[in-house]
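Coordinates in review
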Amino acid sequence: MFAVTRLRVTEADGGVLPAQARALLAALAGRPGYVDGRLGRCADDPGLWALVTRWDGVGAYRRALSAADVKIAGAPVWVHAVDEPSAYLDLDEGG
């Protein structure tokens with residue numbers, strides 16, 4: 001499965017977001033079931049970013065989000081999150 005978290009970021013916050021996202025991705029990488037992740041910026045709207053991660057399954061993803069180190073690293077990133085569902089089953093992986 002994969003997770004897509006869209007982030008609405010001000011120009012001022014856009015300067016620090018990549019470092020904050022790297023810290024979050026490092027914390028997620030230490031959790032069981034994490035496959036990979038990346039941060040991207042929208043080509044058409046510079047205030048819109050996306051954090052995309054892949055996981056062995058929904059359970060691994062949800063358990064990772066409850067880990068204390070992930071919550072701490074994620075707080076400065078998720079404050080920008082667009083309120084919408086983020087977990088998707090990967091149909092190419094049989095989800």
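Residues numbered from 1 in each chain as written. Predicted model: local features only at pLDDT ≥ 70, side-chain atom pairs only at ≥ 80, totals over all residues. Heavy atoms only, no water.

Quick notes on the overall build of the protein chain
A count of helices and strands for the protein chain gives 4 helices and 4 strands. The order of α-helices and β-strands along the protein chain, N terminus first, is β-α-α-β-β-α-α-β. Over its C-alpha trace the protein chain gives a radius of gyration of 13 Å, about what one expects of a compact globule, namely 12 Å for 95 residues. Summarising its shape, the C-alpha atoms of the protein chain cover approximately 40 × 30 × 20 Å along the three principal directions. Residue burial in the protein chain is summarised as follows: out of 95 residues, 34% are buried. Taking the contacts inside the protein chain whose residues are at least 6 apart along the sequence as the reference set, 68% of them involve residues at least 24 apart. Per element, the accessible surface of the protein chain, about 5700 Å² overall, is 54% carbon and sulfur. (Helix = DSSP H or I, 4+ residues; strand = E, 2+ residues; numbered from the N terminus. Rg over C-alpha atoms; globule rule 2.2 N^0.38 Å. Buried < 20%, exposed > 50% of the residue type's maximum accessible area, 1.4 Å probe, protein only. Contact = heavy atoms within 4.5 Å. Areas by Shrake-Rupley, 256 points an atom, 1.4 Å probe, with all protein chains shown as cover.)

As for the sheet that holds strand β3 (residues 48-55)
Strand pairing in a sheet takes place through backbone hydrogen bonds and is either antiparallel or parallel in direction. What the 4 strands build is an open sheet, ordered β2-β3-β1-β4; its pairing is antiparallel. In the strand order of this sheet, the two ends are held by β2 (34-41) and β4 (87-88), each with one partner. Two elements, strand β1 (residues 2-8) and β4, share 2 bridges in a ladder whose sense is antiparallel. In the strand pairing of β4, A3 is matched with A87. Packed onto the sheet, helix α2 (residues 17-29) meets β1, β2 and β3 and runs at close to 170 degrees relative to β2. Those strands touched by helix α3 (residues 58-65) are β1, β3 and β4, and its axis lies near 120 degrees from that of β3. (Pairing = 2+ DSSP bridges. Axes fitted to C-alpha atoms, helices over the stretch in contact; angles between N-to-C directions.)

Brief notes about the packing of aromatic side chains
Counting across every chain of the model gives 3 aromatic pairs. A ring pair is formed by F2 and Y88, whose centres lie 5.5 Å apart and whose planes are at 10 degrees; its orientation type is stacked. Here F2 is found in strand β1, whereas its partner Y88 is found in strand β4, with 86 residues between them in sequence. In this structure Y88 comes out as partly exposed when scored by relative accessible area, which is 38%. Between Y34 and W55, the ring centres sit 5.3 Å apart and the planes meet at 80 degrees, which makes this aromatic pair edge-to-face. Note that Y34 is positioned in strand β2 and W55 in strand β3, a separation of 21 residues in sequence. With respect to class, Y34 is no different from W55; both count as buried. Of the aromatic side chains, those joined through ring pairs into one cluster are Y34, W55 and Y61. (Phe/Tyr/Trp six-rings, centres within 6.5 Å; stacked < 30°, edge-to-face > 60°.)

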